[in-house]
Every structure is written in structure tokens, then in C-alpha cells.
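Close look at the chain arrangement
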Amino acid sequence: MHKLALDGGTPVRTKDNFLVFGAPVIEEPEIEAVVACMRRRWIGAGPKVREFEEEFKKWKGSQHAIALNSCTAALHLSMLAAGIGPGDEVITSPMTFCATVNAIIHSGATPVLADCDRHTMNILPDEIENKVSARTKAIMPVHFAGRCCDMQAIMDIARQYDLLVIEDCAHAVESRFHNQNAGRFGDIGCFSFYVTKNIITGEGGMIITDNDRFTEKIKVLGLHGMSKDAWKRFSDEGYKHYHVVQAGYKYNMTDMQAVIGICQLQRVNQYWQLRERIWRQYNDAFAKQPCILPPEPEPDTQHAYHLYTPLIDIEKTGKSRDWVLHALTAENIGVGVHYIPVHLHPYYRKMFGWQKGDFPNAEWIGERTLSLPLSAGLSEKDADDVIEAFHKVLVN
Ligand SMILES: *Cc1c(COP(=O)(O)O)cnc(C)c1O
């Protein structure tokens, strides 16, 4: 076996060919669409945002789709629209991005964590039920890596205790569970089009819901709290006065972002197939490696293949996850970690008294997990390099 780059050996890829983790695919049509948008000079929120919302909601089969400038904003406004605030509790997973928990905090509510499963990495329904209190208002499941949570069990709990369900679908734009799209189980689904996500608008997010009242509130809150359709005030429909009816937020998407999303949405299945192929290629190649592979998708579900997250078998290899991260980076392979469990970050420890030992499954994952590049933009050679480097680093 070749000497590790970490020990002065030749890296699998050259430095100037570093494989960036989570690089998006950007093609000619979206480049042209952005240029055309600039030439039209209507670059703020406008008709292209409406078009993107229409396309998205048709695809998802929801009554409404509201485009915003991030999934974080989507999660935040979902809670405000649902009337969640101070004194309320929202249950979510410790195995998520900080934005999930921050959105709960910004609504004024208190985040309550329920541990996840070691293999699916998704929140456990039994743990949710253990955390339900008189203050609980909502469950916020996160479909980790694109694998749907057990939505049947979660919806049963929600109905039993009369809780709202707001799905964090940041990883799950293509996910399905028992013939239903992720984001369509609960009251509201929130999606992300951040640069590393499956389809991108640079920054961007989308809410889907069937609830008319929530939709109305989200539209007002997302644009300064101005009365309905204030974005049209400079259009050729004639000047209309707006009325500020609430202290809202500046959370709208712009036409420049929406035109990218419209193009990307047309390729969502094509990109999904490319990632599925790489995901399977990795699973086959690593079957005999000292690591724990992501489990196969459950029957009657569609995995979105957003992240490929093997767990390092620390006991068998005697190698820490952090060492593997450094060794792979030295081979010029970009890596990610999804996630250091939320409860271990200093701010939340201080604010909520969370500590090590509180969520043993999330911590077990947090010590072992790493994410290998999984983008529709990877060539076969790129994927082969990842396989070679991971193998080299694990067995050396
Ligand atoms: C990316 C991400 C978010 C936040 O999405 P933004 O669009 O960047 O605000 C929220 N939750 C999860 C699980 C994410 O991965």
C-alpha cells in the first residue's frame, strides 16, 4: 500500500485538483437565466419567484409553496405562522445542523432533543414520546442525509398528543416514504437550496403546506410584515400602497435565485440518479472496509442520497474519525462532518444545560461519522479517487 500523504507519500489527487466537498452542479441554462434576469433588471422578488413556487408545488403536490431566502428562514416562519413562541417546546433531533435548533430558539420556543437511531441516524419515535410534555407544541423531524424518518410512527404520536409537525427537509428534496413526498406528512415542510444541497439557488429555501392561514402569515412575515403582494408595488399594475401589519422579516427569495432553481428543478431526477449510482458504488467498494456503511433505503421509500456518511470503526481500526479527516484531506479529498451533535456545542450547553451523555446514540455517531463527496458533479474518476483514498487511509 502506498505511503499516506500525511506521512509524506504521494497524495491520491494533486493539490491543484483538490476534490471540493459538496460542490454544486451549475450548467449553461442557469448561467444564461441569471444573465437574462440581470438584463431584464427585475432582480428582486418578482414573477420568477412565483414561477419557481408554482413549479415546486406542482412537483410536490401541495396546495401552497412559498419561496424564501433560506431553509432557516422557512423553519423560523413556520413556527411563527403556527403560533409557536415563548413557553412552548419543540422536539427535534440532536443529529442535525444548528439552524434547526436556532430557528426554534428564534421563535421564542424551547428546543427539546430526542435521541436518534445509530444506523438510520433519524430521530426515534419512542424517544419523542418520552419527551412530550404539557408544553410541547410541535415535532420537527429532520430527514437525515435524505432518509425519511419513520413518519408513520411520528404522525401517530402527533395525532395522539395533538402536536404540529414541521419537517426539516433540507436533505430531502427527493425523499419519499410510503408513496408520499417528504414535507407532505406534517403541517409544513421546509426545504433548502443552499450551495451544498441537492438542488441549489445559492441561498434559498421553500415552504410547502396545505394550510391557507399559515401561507398568508408566512407571506406577510417574510416581507417586512407588509400587506399582501407588496412586492408588486413597483410593477406595471399601477402603484399600490402597502400597509405594515406586523414587524416582519426580510426573508424573501429574489428572481435571480429563482431562475437558478427553475433550471435545477428540471434536472432534479437526473442529479438524483447520478448520486444514487455513486452511493451504490461506494457501498459496494467499502463493503469489506473497517467501517459501518449507511443502511440500504427501507422498502417503499426513496432516499434522497444527499450525504454519504460511513462510520469509522474506531475499535477495529484504532483510528479516530478526526485522524481520518486529516488523512483524507492530505490526499486532497474534501470531507465533511454531519454532525457534531447539536447538544455538545458550547452555546446550547450553556443555555439548556445539555451535556455529554445526554444523547448517547447521537454522540456515538458524532465520534465516528464523516461525509464523503457525493455530488451529481462527480466524475467516475472522482468517485474512484475517493474510494482509493478512503481505502488507503483506513488500511494503512
Ligand atoms: C442546510 C440545512 C439547514 C439550513 O438550510 P439553509 O438553507 O442554509 O438555511 C437546516 N437544516 C438542515 C438539516 C440542513 O442541512
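Refer to the structure above for everything that follows.
Described in the following lines is the structure provided in the data block. (Residues numbered from 1 in each chain as written. Predicted model: local features only at pLDDT ≥ 70, side-chain atom pairs only at ≥ 80, totals over all residues. Heavy atoms only, no water.)

Here we have 3 strands laid out as an open sheet, ordered E7-E6-E11, and antiparallel in their pairing. Only two strands of the sheet have a single neighbouring strand rather than two, namely strand E7 (180-181) and strand E11 (301-302). Bridge count for strand E6 (residues 176-177) against E7 is 2 bridges, and the pairing is antiparallel. In the strand pairing of E7, Arg176 is matched with Asn181. (Pairing = 2+ DSSP bridges. Helix = DSSP H or I, 4+ residues; strand = E, 2+ residues; numbered from the N terminus.)

Moving on to the site of the ligand. The ligand sits among 16 residues. The nearest are Thr72, Asp168, His171, Ser192 and Lys197. One of the side-chain nitrogen or oxygen atoms of Lys197 is found 3.3 Å away from an oxygen atom of the ligand. At 3.1 Å, a side-chain N or O of Tyr339 approaches an oxygen atom of the ligand. Compared with its free state, where it exposes 380 Å², the ligand has 93% of that area covered by protein. Broken down by secondary-structure element, the contributors of at least two residues to the shell around the ligand are helix H3 (71-81) and helix H4 (98-106). Of the residues that constitute the shell around the ligand, the class distribution is 7 nonpolar, 7 polar and 2 charged. (Near = heavy atom within 4 Å. Polar contact = N/O pair within 3.5 Å; in protein donor to acceptor, adjacent residues only side chain to side chain. Areas by Shrake-Rupley, 256 points an atom, 1.4 Å probe, with all protein chains shown as cover. Nonpolar A, V, L, I, M, F, W, Y, C, P; charged D, E, K, R; others polar.)

Glancing now at the sheet that holds strand E8 (residues 188-192). The pairing of strands in a sheet happens through backbone hydrogen bonds and is either parallel or antiparallel. If you walk across this open sheet you meet the 7 strands as E1-E9-E8-E5-E4-E2-E3, and the pairing is mixed. The two strands at the open ends of the sheet, each matched to only one other strand, are strand E1 (64-68) and strand E3 (110-113). Geometrically, the sheet is characterised by an average inter-axis angle of 25° between neighbouring strands, direction not taken into account. Here strand E2 (residues 89-92) pairs with E3 via 4 bridges, running parallel. From the neighbouring strand, Val90 faces E3, where its bridge partner is Pro111. Of the strands in this sheet, E1, E2, strand E4 (136-140), strand E5 (164-168), E8 and strand E9 (205-209) are in contact with H3, which crosses E8 at around 165°. Sheet contacts for helix H7 (residues 212-221): E1, E5, E8 and E9; angle to E1, the most-contacted strand, approximately 20°. (Axes fitted to C-alpha atoms, helices over the stretch in contact; angles between N-to-C directions. Contact = heavy atoms within 4.5 Å.)

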